[in-house]
Structures are given as C-alpha cells and as structure tokens.
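Close look at the chain arrangement
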Amino acid sequence: MALDLKSPRAGEILERLVKWADVLIVNFPAPARKRLKLTYEDVAPWNPRLIYADLTGYGDKGPDADLPGFDITAYWARSGLLSLTRDAGAPPTLPLSGSGDHATAVGVYSAIVTGLYRRERTGKGSYVTTSLIAAGVWASGIAIQAALCDATFFPPHDRKSPPNATLNVYRSSDENWFLIVTEPGKWPALATGIGRSDLLSDARFADAAKQAENSTQLTAILDEVFGSQPMAHWGEVFAQAHIPFGVVQTPSEVIKDPQLRANDIIVPLEGAGGRLTSTISSPIQVHGVVKVPATRAPEIGEHNEEVLKQLGFDAKQIDGLRASGAIPKTRKYAPTA
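From a predicted model like this one, the values you see are computed outputs, not experimental measurements.

1. Section: the sheet that holds strand β4 (residues 167-171)
Read from one edge to the other, the open sheet built from three strands follows the order β4-β5-β6, with strand pairing classed as antiparallel. Each edge of the open sheet carries a strand with a single partner, namely β4 and β6 (245-247). Sheet twist, expressed as the mean angle between neighbouring strand axes with direction ignored, is 20 degrees. Note that strand β5 (residues 177-181) and β6 share three bridges and pair antiparallel. Residue pairing across strands places Phe-178 opposite Val-247, the latter belonging to β6. Strand contacts of helix α11 (residues 215-226): β4 and β5, with the helix running at about 40 degrees to β4, the strand carrying the most contacts. Running over the sheet, helix α12 (residues 231-241) touches β5 and β6 and is turned about 160 degrees from β6.

Structure, rendered in structure tokens:
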C-alpha cells in the first residue's frame, strides 16, 4: 500500500500497521525519519515485539550518518571496492547499477532473521541495522583486513603482466573471454592439454617462482595459443585436464545457462503479462521448504483498500483517509497483453 507520511492523518494508519507488523524496514536518512516520526523511539512503544530494521548509507553514527547513500558512492567507492576492481592503468569504472543494493539487502535480511530468532527466544523485539558502506567493506574484507595489518599490496592487476599467468583472463578465437585458475601442480596438465608440452622444459617456466618472474612472456605465449581455437575447444581441454575455468558471460548468455533453471535461480513469474514470464529468485534456499511462487510486484497503492480493511478501517473511514490525502486513489491494474 501507499501512504503519504506527511499527511496529518497518516499517523492513524502507521500506528495500526506497526501494531500489526512483525518487521518495519526504514531507509530514510535520519533527519527525514525524525521529521516523519519514524524513529525507533517513535514506533517501538506501539509494538514491543517489532523488529525495526534500519538501513542507511553510512551507518547511524559518525559525522556522515545523516548523508544519503547510493550503492555506487557508499557501497562501491567509499568501501574501497571501486579501487580494487580495475586493471592496471585503467581509471575506476561504473559498476553494475544496483549490485551494491542487492548485496546489502541480503545483510538486511540476515539482521531481520537474527532479530526474529532473538524474539522467539526472549519475546522481545529488536532494533537491527546495516548500511551500504558496512556491506561494501565486508565485501572487500580481504583487502580491508590486510590494510588493518599494514600489509603491502600488489599493484593493480595487469592482464599482460600478471603475478601469475596461469590465473588470468584470456580470449579465444571466437572472441570469448575466459578465466583459468591453475595451481602449480596442474601446470604440466595445462601445458600438455594446450599442446605446448615444450614449455615444461623451458627454464623460464620451470616452477611457480620462475613463472611469476617471467609472467609477461608466459602470458604472451598463452595469448597466442588461446587465440588460435574457439571456446568450445578450450572448454573440452580444461575439462579433460581438470583445470577450473569460467567463461565471461553476457546477461543474454547468463539467462540461457542451464544451471540457473536447474537450481531455481531463474524461476517462472506469474501474472506480469507480456514477455515477463521469468524472474530471478532470492539466493537463499531451505531444502524441504517450497518457496512461494514468484508473482508480479503490486502497483503502488494497489492494495490500499484491502490492507486498510484488514487493519479495521470501515468504508467511511477509508473514504475520509483518501479525501485527506493520507492515501492516494487506487489505480486499477491492467495486465500487459
């Protein structure tokens, strides 16, 4: 449902919603929350069993607590991730829109579920929180923890002169980029599989240390070899040699990946109409528990009247709330042909 929290009568609906709810998620910056009377202190007295989930850009304390946050600024840039996900000599680039939001949403879910578990044990509600910057720092935790230990960092990855040429990105003759991950013990299998067993007797590549020292030369050799055959060929070679690899897929290729439907990562979508027949499921699965089938998202305010009736408002009161501007007029949903 849609509710105009700036309307004087919105508080009537908000209070009943909070008394009914298990969870309230708030992602307004702190100043807006205070103006709208949506702070934990405002709403917790209405429902002592409430899980109040607070999502912010930069946390609820500190000098920047009141700043609005976007995933590209708080999750990606300020956390350090944007400085780490680029090749040598390249400037930081724009990441996939919403990717930080999606990752942070899993953190919010975890906080809520933990609060609900605590409530089952104690009978008490909780104030739980996370932020975009906290999720971003968690995602870049290997590097951030290293910085906390005053570690010395490798320079940005250079594909043509990497620390390890057998853990690198290459391109096949049919323009597919792919990544190989080869441990030292698999070097003979890789060299033999690609038809270059002569490299095993090359003093420049005798062991892992020599390969690192001469990675530019080895990368150039592998570039030439991998550029001579299509991806299907190399896929067979890597499979036979038990070399872990991953093809860099485009979104249009990803949705055709059989692993997605086999594991209910892509699932049927009900009721959306048009070409919207499938969607992405959440990344969480509890075996033995059937997920609720995916359906289209409701229109804004589509269920206003239904929810208000469930909260105990009669038709006359609902008309009054609509006239006051506390709720917008319901728009009729017409499925797309």
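2. Focus: the environment of Pro-283
The residue Pro-283 is located in the loop between β8 (278-280) and β9 (294-295) in this model. Taking the relative accessible area as the measure of exposure, Pro-283 reaches 71% and is therefore exposed. Each C-alpha atom of the pair Pro-283 and Pro-293 lies 14 Å from the other, and the pair is 10 residues apart in sequence.

3. Comments concerning the pattern of salt bridges
In this structure the tally under the stated criterion is 13 salt bridges. The residue Lys-19 makes a salt bridge to Glu-15 at a minimum N-O spacing of 3.0 Å. Residue Lys-19 and its partner Glu-15 are located together in helix α1 (residues 10-20), separated by four residues, close to a single helical turn. The exposure class assigned to Lys-19 is partly exposed, which follows from its relative accessible area of 48%. One salt bridge connects Arg-204 with Asp-202, and the closest N-O pair in it is separated by 2.8 Å. Each of Glu-305, Lys-309, Asp-319 and Arg-322 takes part in one network of salt bridges that share partners.

4. Quick look at the side chain of Thr-219
Within the element layout of this structure, Thr-219 appears in helix α11. Note on Thr-219: relative accessible area 1%, which makes it buried. Ignoring anything within four residues of it in the chain, the contact list for Thr-219 reads Arg-159, Lys-160, Pro-162, Ala-165, Asn-168 and Tyr-170.

5. As for the nonpolar core
Of all hydrophobic cores here, the largest spans 21 residues; its most connected members are Phe-226, Trp-234 and Phe-238. Not counting residues up to four positions away in its chain, the partners in contact with Phe-238 are Phe-178, Ile-180, Leu-190, Phe-226, Met-231, Ile-243 and Phe-245.

6. Quick notes on the confidence of the model for the protein
Summary statistics for the protein give a mean pLDDT of 94 and a share of 98% for residues scoring 70 or more. Mean pLDDT across the elements of the protein bottoms out in helix α2 (residues 30-35) (92) and peaks in α11 (98).

7. With respect to helix α16 (residues 315-324)
Where α16 begins, one side-chain oxygen reaches toward the backbone nitrogen of Lys-316, 3.2 Å away; that side chain belongs to Asp-314. Directly after α16, the chain includes Gly-325, whose backbone phi takes a positive value near 90 degrees.

8. Remarks on α12
For α12, the complete set of buried residues consists of Met-231, Trp-234, Gly-235, Val-237, Phe-238 and Ala-241. End-on view of α12: buried residues confined to an arc of 165 degrees, all on one side of the axis. Away from its buried face by more than 90 degrees, α12 exposes Ala-232, Glu-236 and Gln-240. Looking at the buried positions of α12, the neighbouring elements they touch are β5, α9 (187-193), α11 and β6. Once α12 ends, the next one or two residues include His-242, with phi positive near 55 degrees.

Definitions and limits used
- Residues numbered from 1 in each chain as written.
- Predicted model: local features only at pLDDT ≥ 70, side-chain atom pairs only at ≥ 80, totals over all residues.
- Heavy atoms only, no water.
- Pairing = 2+ DSSP bridges.
- Helix = DSSP H or I, 4+ residues; strand = E, 2+ residues; numbered from the N terminus.
- Axes fitted to C-alpha atoms, helices over the stretch in contact; angles between N-to-C directions.
- Contact = heavy atoms within 4.5 Å.
- Buried < 20%, exposed > 50% of the residue type's maximum accessible area, 1.4 Å probe, protein only.
- Salt bridge = Lys/Arg side-chain N within 4 Å of Asp/Glu carboxyl O.
- Core = buried A, V, L, I, M, F, W, Y, C linked by side-chain atoms within 4.5 Å.
- pLDDT = per-residue confidence, 0-100.
- Polar contact = N/O pair within 3.5 Å; in protein donor to acceptor, adjacent residues only side chain to side chain.
- Arc of directions from axis to C-beta.

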